[in-house]
Amino acid sequence: MTAEIKLGELTVYSGPSEFARVTRALRGTGRQIAFVPTMGALHEGHRELLRRARRIPNAVLVASIFVNPLQFNDSRDLERYPRPLETDLDVCRAERVDLAFTPSTEDVYPPGADTTVQPGRLGELLEGAHRPGHFAGVLTVVAKLFNIVRPDFALFGEKDYQQLTLIKRMVADLNMDTAVIGVPTVREPDGLALSSRNALLSTEDRELAVTLSAALTAGAYAGPHGPDVVRAAARAVADAEPKIDWEYLELTDPDLGPAPDSGPARLLVAAKVGQTRLIDNVPVQLGTG
């Protein structure tokens, strides 16, 4: 099965059963599997995930490209999501991905499929409150991909911080044998977090969108003065831009619980800029001075 694969050259599979046999055969030769799941429309943030995965010793680099319908609670959002598959595969080749998995919706969710993974309490907060069912869709597809790929390592961006937190919780709660690695957010020079959704922004909306990272930066700088000052500093920047529809701007602890008075915390934001919904977050070190 592995004889037809030339590691360092991209080999593309779409069938789950065949792909599972290939990854198991590779693990049988003593290789580890480093996995980067994506929904395509690959950008520099995805490239950074692939580069980090490539550095793992003795690992075969695997990427998946699959736009997961279960995590969209707005059918229009699903329809608008970019799908430049051939361009994405060119990115995989440039980043020396060994195996790409590009299943169809029917491959991942055969007729009659009805089992989902529920995210629990943390899945009802923040994104979960604004996107009902979103995290059940995320965790279900990640669990299915983990079962197909059986990765030793899986890398996810910190831009989707709540998603990363819930995936780590699922892996721990369900005794999955995969190490989940978070990779810091990659940003444009002006601070905007890289996202596949940025391509949907008009010129005017792109200029407005940087307000999200500006609000987070203001809050992070205020960290030494405590949580109340962090919230006020971030909110002042957000309130100064009424053209943006702010959904939440919340300070939590690193596990998405209540923010402490001091120590590590996370500041998270979601907003609609024009017709495009964006999220972002930053770490904050809280003090009491």
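Thresholds applied
Residues numbered from 1 in each chain as written. Predicted model: local features only at pLDDT ≥ 70, side-chain atom pairs only at ≥ 80, totals over all residues. Heavy atoms only, no water. Helix = DSSP H or I, 4+ residues; strand = E, 2+ residues; numbered from the N terminus. Rg over C-alpha atoms; globule rule 2.2 N^0.38 Å. Buried < 20%, exposed > 50% of the residue type's maximum accessible area, 1.4 Å probe, protein only. Contact = heavy atoms within 4.5 Å. Areas by Shrake-Rupley, 256 points an atom, 1.4 Å probe, with all protein chains shown as cover. Lys, Arg positive; Asp, Glu negative; His and termini not counted. Charge placed at Lys NZ, Arg CZ, Asp CG, Glu CD. Domains from an automatic or database assignment. Buried area = accessible area lost by both parts, 1.4 Å probe. Salt bridge = Lys/Arg side-chain N within 4 Å of Asp/Glu carboxyl O. Polar contact = N/O pair within 3.5 Å; in protein donor to acceptor, adjacent residues only side chain to side chain. Nonpolar A, V, L, I, M, F, W, Y, C, P; charged D, E, K, R; others polar.

Asker: So what about the overall build of the protein? Which residues, and what values?
Answerer: Scanning the protein from terminus to terminus reveals 10 helices and nine strands. Taken against the 2.2 N^0.38 rule, which gives 19 Å for 289 residues, the C-alpha radius of gyration of the protein at 20 Å falls within 12% of a compact globule. Put simply, the protein has 289 residues, and 52% of those count as buried. A sequence separation of at least 24 residues applies to 71% of the contacts in the protein between residues at least 6 apart. If you sum the accessible surface of the protein, you get close to 13,300 Å²; carbon and sulfur atoms cover 49% of it. Both charge centroids of the protein, one from 31 positive and one from 38 negative side chains, sit 4 Å from each other.

Asker: Tell me what's going on with the domain arrangement of the protein, and back it up with residues and numbers.
Answerer: Domain boundaries in the protein define domain 1 (11–183) and domain 2 (198–286). Between the C-alpha centres of domain 1 and domain 2 there is a distance of 26 Å. Every contact between the two is made by 13 residues of domain 1 and, on the other side, 15 residues of domain 2. For the domain 1 and domain 2 pair, buried surface summed over both sides reaches about 1,400 Å², with 58% attributable to carbon and sulfur atoms. By the criterion of area lost to domain 2, the three top residues of domain 1 are Arg80, Leu126 and Tyr161, representing 44% of everything that side buries. Taken together, domain 1 and domain 2 are joined by two salt bridges. In this structure, Arg277 and Glu127 form a salt bridge, with 2.7 Å as the shortest nitrogen-oxygen distance. For the interface between domain 1 and domain 2, the tally reads eight residue pairs in polar contact (both at pLDDT 80 or more). Among the elements of the structure, helix H6 (127–130) and helix H8 (161–173) are those that each provide at least two residues to the side of domain 1 that touches domain 2. A total of three residues in the side of domain 1 that touches domain 2 trace back to one element, the largest contributor, which is H8. Broken down by class, the residue content of the side of domain 1 that touches domain 2 amounts to four nonpolar, three polar and six charged.

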